[in-house]
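Structure assessment
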Amino acid sequence: MPSVIGAERRERLLARLDAHGVIRLDDAAAELGVSTMTVRRDLESLELEGVVVRVRGGAVATVKARSFTERQGVDDAAKTEIARKALDLVPSSGSIAVDASSTSGHLIAQLRAATTTDLVIATNSAHNHARARALRNTRAILLGGELEPRTESFVGPIACAAAAMLNYDRFFTSASAADGERGTSEAIIEEAQVKRELVRAARETVLLINSSKLDRRAMSAGIPWSDISIVITELDPRDPRLDALRPLVELR
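To start, this report covers the structure provided alongside it. Predicted model only: the values in this text are computed from it and were never measured.

So, on to the side chain of N128. Here N128 is to be found in helix α7 (residues 126–133). Within the structure, the side chain of N128 is placed 3.1 Å from the backbone oxygen of S101, a separation counted as a polar contact.

See below:
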């Protein structure tokens, strides 16, 4: 395959980043028909632009707030697998909370009427609320407040107060990033505040997170590992990339 050069190579790298949230050196080099050293130099340039952060074996997207619509199309296969693994943790009745992430949206989308009989689903996302409303045998509750335009979620003191008014069997949440030392973190402070209220109100918290977000930190501290019971990624739980989390939480 002839190599791709200049602007075209850059656009294809950015397209890979948009689709997966990560650029792997070997995969990108094979797709573009160039050496890994060439891709590494390209990633150095993208890092100087603030587009990526280089990590071992490639680069990941810079942690920043993105709309639900933008996030929804990123790494769809991984989110589908994460949701599949989480399905048996959703009770048929009782109450759960889900955050405003597209990963939690995938979980709601996989629920079927036959699996729920009298389930309450609370969320601070209008998108995820609409998905929950479409399910039979469920009651969807929107935790309103101030609309955060960057993530299309409801935040602020009203959203926090609404989140604290209910008791939840489980809280399903994603995160902007997570690392083995600090726990999760978020690109937006107000988003982290609502999630901490949901953690306090829930009997158990389940983190649904793509592996490309691991070993990273965003601006606002989120949920410490001591408050998370289960972590679900698209990886096999035995994958060595999860070794740092193994002593801290149950992995699925």
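The next thing to look at is the sheet that holds strand β12 (residues 205–208). Pairing is parallel in the open sheet, where seven strands are placed in the order β6-β5-β4-β9-β12-β14-β15. Looking along the sheet, the strands with just one partner apiece sit at the ends: β6 (138–142) and β15 (250–251). Across five bridges, strand β5 (residues 118–123) lies against β6 in parallel orientation. What sits directly across from T123, in β6, is L142. The strands touched by helix α5 (residues 76–86) within the sheet are β9 (170–173), β12 and β14 (230–232), with β14 carrying the most contacts at an inclination of about 145°. Together, β4 (93–98), β5 and β6 form the strand contacts of α7, whose direction differs from that of β6 by roughly 165°.

In contact at an axis separation of 8 Å, α5 and helix α6 (residues 102–110) are set at 55° when each is read in the N-to-C sense. Judged by the angle between their axes, α5 and α6 are oblique. Of the two possible hands of crossing, α5 and α6 adopt the one that is right-handed. Each of D76, K79, T80, I82, A83, R84 and A86 in α5 lies in contact with α6, whose residues at this interface are S102, T103, H106, L107 and Q110. Looking at the contact of α5 with α6, its residues break down into four nonpolar, five polar and three charged.

For the rest of this paragraph, the subject is the nonpolar core. By size, the foremost hydrophobic cluster in this structure holds 29 residues, and its most contacted members are Y168, L198, W225 and V231. Among the secondary structure elements, those contributing two or more residues to this core are α8 (156–163) and α9 (189–201). Non-local contacts of W225, meaning those with residues more than four positions away in its chain, are made with A178, D179, G180, E181, R182, G183, L207, V231, L245, L248 and V249. The next biggest cluster of nonpolar side chains, apart from the first, holds 19 residues, and it includes L111, L119, V206 and I232.

All right, on to the sheet that holds strand β3 (residues 58–61) then. Across the sheet, which stays open at both edges, the three strands sit in the order β1-β3-β2 with antiparallel pairing between neighbours. Every other strand in the sheet has two partners, leaving β1 (22–24) and β2 (52–55) as the edge strands with one partner each. Going from strand to strand, the sheet's axes swing by 20° on average, the running direction of each strand aside. Two strands pair when backbone bridges link them, and β2 and β3 are joined in this way by four bridges, in the antiparallel orientation. Within β3, the residue paired with V55 across the bridge is G58. Packed onto the sheet, helix α2 (residues 25–32) meets β1 and β3 and runs at close to 75° relative to β1. Against the sheet, helix α3 (residues 36–48) engages β1, β2 and β3, with an angle of about 135° to β2.

This part is about the pattern of salt bridges. Going through the model one piece at a time under the given rule, you end up with 19 salt bridges. The salt bridge partner of E31 is R16, with a shortest N-O separation of 2.3 Å. With a gap of 15 residues between them, E31 in helix α2 and R16 in helix α1 (residues 6–20) connect regions that are remote in the sequence. Relative accessible area serves as the criterion here: at 28%, E31 is assigned to the partly exposed category. Looking at R16, the relative accessible area reads 18%, which means it is buried.

Basis of the calculations
Residues numbered from 1 in each chain as written. Predicted model: local features only at pLDDT ≥ 70, side-chain atom pairs only at ≥ 80, totals over all residues. Heavy atoms only, no water. Helix = DSSP H or I, 4+ residues; strand = E, 2+ residues; numbered from the N terminus. Polar contact = N/O pair within 3.5 Å; in protein donor to acceptor, adjacent residues only side chain to side chain. Pairing = 2+ DSSP bridges. Contact = heavy atoms within 4.5 Å. Axes fitted to C-alpha atoms, helices over the stretch in contact; angles between N-to-C directions. Parallel < 35°, antiparallel > 145°, perpendicular 65-115°, else oblique. Left-handed = near helix turned anticlockwise from the far one by under 90°. Nonpolar A, V, L, I, M, F, W, Y, C, P; charged D, E, K, R; others polar. Core = buried A, V, L, I, M, F, W, Y, C linked by side-chain atoms within 4.5 Å. Buried < 20%, exposed > 50% of the residue type's maximum accessible area, 1.4 Å probe, protein only. Salt bridge = Lys/Arg side-chain N within 4 Å of Asp/Glu carboxyl O.

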